[in-house]
Amino acid sequence: MKFLIQKERLSKSIQDVIKAVASRTTIPILIGIKIDATDEGVALTGSNSDISIKSFIPKEENDTELVDIIEPGSIVLQARFFSEIVRKLPDSIIEITVDDQFKTVIHSGNAEFVIHGLDAEEYPRLPIIDSEHSFTMPADLLITLVKQTVFAVSQTETRPILTGIHWVFENNELIAVATDSHRLALKKATLQTEFANNQAYNIVIPGKSLSELIKILEDNNQTLVEIFVTTNQILFKAKNLLFYSRLLEGKYPNTAKLIPTDNKTKVKINTKEFLQAVDRASLLAREGKNNVVKFTTMEQNMIEITSYTPEIGKVVEKVKSLSIEGEEIKISFSAKYMIDALRAIDGSEATIYFTGTMRPFVIKTDQDETILQLILPVRTF
């Protein structure tokens, strides 16, 4: 195998696929990046037990030559060393040559590295996914959908299904839900694709997989992403990129019944002012065991936010709300959960709907009816 390639494009592809490379694995070849040079260009693949990423660099793009293939072939190179070498090479063009014994010469400017590669035939094959269940979504919508839900997935493996985001497809709508059983984030998106026979189906995608996907998509968020779903895999296909993830097995809990349909108190807030006040209160709360702040409605549309940690002290702050309707409410909640929820909502105003001191409460915004955040209160004595 022998080819010349632009350093900048090779480096970008390595950074994309290395996100899937496991640092520790029972399959030694998976600590490497697979490189395939064909007459069309160069493809790089990284994989672990959860995700596989394939990035393609075409021979030319926009009348600029990116790759010059002299002899096609394949090799697997240790990801960490390959990434560091390419990043630090002196010239904008890199020449990579592989001999029959998998010895790989990487040459750029006056620098030359010789490293030992592995047989690409030993590298696991990527899953074959049919296009029966597929739809497209703009990359920027997909990024928003993930960002507004992924923070609420469970960080512990005690209930593995909760480490994923639940996607439900119905008619031409996608509903994404994440919960760690203490809070819930929900986002709806209208799709351009209608599913055959109006069939509804649902999948659970690992939160970690989606977090890695949006890091790669951030750079080209104007593209369309084609999404293919099978019983245990999902494939995201964007320009020159394939991103595979396994799906989580098991039944996701019925979260619809957690969301209250009525309310006793409705508080409308300026999101930024309220978020900053909760953040300040959490300075003391953070030092305590559970980062709890208290919220009390008062007369003249005022809210009192307090936090008390016996070893450190207390903080009291009054915040002017835009309006308060209904019964007076005193409630305690996690400052972190409230900050995460308000950041995800991304509107200048938000409304909090309370149904009681020990009942879950909901946060929505008039600017975007497709998003909902729910938080369970904390019992304080």
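Model, not experiment: these values are computed from the prediction.

The rules behind each value
- Residues numbered from 1 in each chain as written.
- Predicted model: local features only at pLDDT ≥ 70, side-chain atom pairs only at ≥ 80, totals over all residues.
- Heavy atoms only, no water.
- Helix = DSSP H or I, 4+ residues; strand = E, 2+ residues; numbered from the N terminus.
- Buried < 20%, exposed > 50% of the residue type's maximum accessible area, 1.4 Å probe, protein only.
- Areas by Shrake-Rupley, 256 points an atom, 1.4 Å probe, with all protein chains shown as cover.
- Lys, Arg positive; Asp, Glu negative; His and termini not counted.
- Charge placed at Lys NZ, Arg CZ, Asp CG, Glu CD.
- Pairing = 2+ DSSP bridges.
- Axes fitted to C-alpha atoms, helices over the stretch in contact; angles between N-to-C directions.
- Core = buried A, V, L, I, M, F, W, Y, C linked by side-chain atoms within 4.5 Å.
- Contact = heavy atoms within 4.5 Å.
- Parallel < 35°, antiparallel > 145°, perpendicular 65-115°, else oblique.
- Left-handed = near helix turned anticlockwise from the far one by under 90°.
- Nonpolar A, V, L, I, M, F, W, Y, C, P; charged D, E, K, R; others polar.

Colleague: Before we go on, may I ask you to explain the overall build of the protein in this structure?
Modeller: Within the protein one finds 6 helices and 28 strands. Expressed along its principal axes, the backbone C-alpha trace of the protein runs to roughly 80 × 55 × 40 Å. Looking at the protein residue by residue over its 381 residues, the buried ones come to 49%. If you sum the accessible surface of the protein, you get close to 19500 Å²; carbon and sulfur atoms cover 47% of it. A distance of 9 Å separates the average location of the 43 positive side-chain charges in the protein from that of its 51 negative side-chain charges.

Colleague: Mind showing me how you'd approach the sheet that holds strand 27 (residues 361-365) here?
Modeller: What holds strands together in a sheet is hydrogen bonding between their backbones, with the strands either parallel or antiparallel. One open sheet accounts for 9 strands, arranged 16-13-14-15-28-27-26-20-24; its pairing is antiparallel. One side of each edge strand has no neighbouring strand; the edge strands of this open sheet are strand 16 (201-206) and strand 24 (323-326). Ignoring which end each strand starts from, the neighbouring axes of this sheet average 20° apart. Examined bridge by bridge, strand 13 (residues 164-170) and strand 14 (residues 173-179) share 5 bridges and lie antiparallel to one another.

Colleague: When you look at the sheet that holds strand 2 (residues 32-37) in this model, what are you seeing that I'm missing?
Modeller: Taken in spatial order, the 8 strands of this open sheet run 8-2-3-4-19-18-17-12, and their pairing is antiparallel. Strands at the two margins of the open sheet, each flanked by one partner only, are strand 8 (73-78) and strand 12 (134-138). Neighbour-to-neighbour, the strand axes of the sheet open up by a mean angle of 20°, direction not taken into account. As paired strands, strand 2 and strand 8 are joined by 6 bridges and run antiparallel to one another.

Colleague: I would appreciate a short explanation of the nonpolar core in the present structure.
Modeller: In summary, soluble globular proteins display a tendency toward joint burial of nonpolar side chains. Within the largest apolar cluster, 69 residues are counted, with the highest numbers of intra-cluster contacts made by Phe-3, Leu-10, Ile-35, Phe-82, Trp-167 and Phe-236. Other than its neighbours up to four places away in sequence, Phe-236 contacts Leu-142, Trp-167, Ile-205, Leu-210, Leu-213, Val-225, Glu-226, Ile-227, Leu-241, Leu-242 and Phe-243. Within the second largest apolar cluster, 31 residues are counted, among which are Ala-281, Ile-329, Ala-335 and Phe-361.

Colleague: Would you mind going over the pairing of strand 16 with me for this structure?
Modeller: Consecutive residues of a regular strand have side chains that alternate between opposite faces of the sheet. Among the 6 residues of strand 16, 5 are classified as buried, and the element is accordingly described as predominantly covered. Both strand 13 and strand 16 contribute to a ladder of 6 bridges, which runs antiparallel. If you follow Gly-164 over to strand 16, its bridge partner there is Pro-206.

Colleague: Can you help me understand unusual backbone geometry in this one?
Modeller: Leaving glycine aside, a negative phi is the common case for residues, and trans is the common case for peptide bonds. Of note, Asn-62 is a non-glycine position whose phi angle comes to about 50°, a positive value. Along the chain, the position of Asn-62 falls in the loop between strand 5 (60-61) and strand 6 (64-65). Of note in this structure, Asn-301 is not a glycine but carries a positive phi near 60°. Note that Asn-301 resides in the loop between strand 21 (292-297) and strand 22 (302-309). Asn-301 gets classed as partly exposed once you look at its relative accessible area, which sits at 27%.

Colleague: Teacher, can you tell me more about the packing of helix 1 (residues 7-17) against helix 2 (residues 79-88) here?
Modeller: If you want to describe how two helices pack, look at the angle between their axes and the distance between the axes. Running from N to C, helix 1 and helix 2 cross one another at 150°; their axes reach a closest spacing of 10 Å. With respect to helix 2, the axis of helix 1 lies roughly antiparallel. The element helix 1 and its partner helix 2 pack so that their crossing is left-handed. On helix 2, the residues that touch Lys-7, Leu-10, Ser-11, Ile-14 and Gln-15 of helix 1 are Phe-82, Ser-83, Val-86, Arg-87 and Lys-88. Here the residues of the contact of helix 1 with helix 2 sort into 4 nonpolar, 3 polar and 3 charged.

The values reported here are purely geometric and, on their own, carry no functional implication.
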